Amino acid sequence: MKTSQLLRRLVPVLAASTLLAYGAAASAQTAAAPATPVRVRATIDKVNTDSLEVSAKGGKKMTLKLAPDLMLFAVSHAAISDIKSDSFIGSAAVPLPDGSLKALEVHVFPAGMKVGEGSYAWDLGKNSSMTNGTVGDVVVTSGRTITVKYPQGEKKIVVPADVPIVSLEKGDRSLLVPGAHGVFFVSKAADGSDVVGRASIGKNGVVPPM
């Protein structure tokens, strides 16, 4: 067989092999991509060595495994006066006709900590979003309006007087006690179990509003 004929036969085979190899690699990468954690709002019923038994919103009973690198935040009551220029905050909110947002809750992060910066969909109500960013202006005398800035832009958030405001601080596993309320960020493990990687737990009976 001539060299030119052999090449004509080999090229399609090599191309197909390359495509198959690329497809397999892409599939492996897709399979390895971590799933977005699901937020579980629940009350702790029982604390075990490496897991929690909880009652989720709606009454569903769940067992949540605790990740070895579990990150915990303690949630306490706060006030609008605790929000300063350059504070890093988060706010679940719904849109207003003028393009601004109406807060459903506001939480203030510890100094120097920035988590989840940006503005994205949230599950606290119809059309709700979460905006995490750095406070620019706080106008308390004009409807308690806060300007929140993040890398992609900024949002004006109106905070009604009856909206809960809380502060977050780094916590530890002493927060995990029966009766405590929390928002648990849960991912599925390979064995199908629910694993908590991060959680915000209310102190002294506080129910995390986010």
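Before reading on, note that the structure itself is shown above.
Residue positions are counted from 1 within each chain, in the order its sequence is given. Restriction of local features to residues with pLDDT of at least 70 applies here, the model being predicted, together with a cutoff of 80 or more for giving and counting side-chain atom pairs; totals for whole chains, interfaces and linings are based on all residues. Just so you know, side-chain values use all the structure's heavy atoms and leave hydrogens and water out.

### A closer look at unusual backbone geometry
1) Next: A positive phi angle is found at Asp 86, which is not glycine, with a value near 80°.
2) Next: Relative accessible area decides the class of each residue, using a 1.4 Å probe on protein chains only: under 20% of the type maximum gives buried, over 50% gives exposed, and in between gives partly exposed. With a relative accessible area of 66%, Asp 86 lands in the exposed category.
3) Next: Phi at Asn 204 takes a positive value of approximately 55°, unusual for a residue other than glycine.

### What about the side chain of Ser 51?
1) Next: The helix and strand labels rest on DSSP assignments: H or I over at least four residues marks a helix, E over at least two residues marks a strand, and numbering proceeds from the N terminus. For Ser 51, the location among the structural elements is in strand 2 (residues 51–56).
2) Next: Residue Ser 51 is classed as buried on the basis of its relative accessible area, which comes to 9%.
3) Next: Residues within four places of Ser 51 in sequence aside, it is in contact with Lys 46, Thr 63, Leu 64, Lys 65 and Leu 66. Contacts are assigned to residue pairs that have any heavy atoms within 4.5 Å of one another.

### Some thoughts on the environment of Gly 171
1) Next: Residue position: Gly 171 is located in the loop between strand 10 (165–170) and strand 11 (181–188).
2) Next: Distance from Gly 171 to Met 71, taken between C-alpha atoms, is 7.9 Å for residues 100 residues apart in sequence.

### What about the pattern of salt bridges?
1) Next: Between Lys or Arg on one side and Asp or Glu on the other, a salt bridge is scored when a side-chain nitrogen of the former is within 4 Å of a carboxyl oxygen of the latter. Scanning the entire structure with this criterion turns up six salt bridges.
2) Next: The partner of Arg 39 in a salt bridge is Asp 123, and the shortest N-O contact between them spans 3.1 Å. Placement of Arg 39 in strand 1 (residues 38–47) and of Asp 123 in the loop between strand 6 (118–121) and strand 7 (129–139) is noted, with a sequence separation of 84 residues between them.
3) Next: Note on Arg 39: relative accessible area 22%, which makes it partly exposed.
4) Next: Residue classification places Asp 123 among the partly exposed positions, given a relative accessible area of 39%.
5) Next: The salt bridge partner of Glu 169 is Lys 203, with a shortest N-O separation of 3.2 Å. With Glu 169 in strand 10 and Lys 203 in the segment after strand 12 (194–202), this pair connects stretches of sequence that are 34 residues apart.
6) Next: Judged by relative accessible area, Lys 203 falls into the partly exposed class, the value being 30%.

### Regarding the nonpolar core
1) Next: Within the largest apolar cluster, 20 residues are counted, with the highest numbers of intra-cluster contacts made by Leu 176, Phe 184 and Ile 201.
2) Next: At the level of secondary structure, the elements contributing two or more residues to this core comprise strand 1, strand 2, strand 3 (61–77), strand 11 and strand 12.
3) Next: For this core, the element with the most residues is strand 3, which contributes six residues.
4) Next: In contact with Ile 201, not counting residues within four places along its chain, are Leu 72, Phe 73, Ala 74, Val 75, Leu 175, Leu 176, Ala 180, His 181, Gly 182, Phe 184 and Pro 208. Nonpolar cores were defined as sets of buried Ala, Val, Leu, Ile, Met, Phe, Trp, Tyr and Cys residues, with membership established by side-chain atoms within 4.5 Å.

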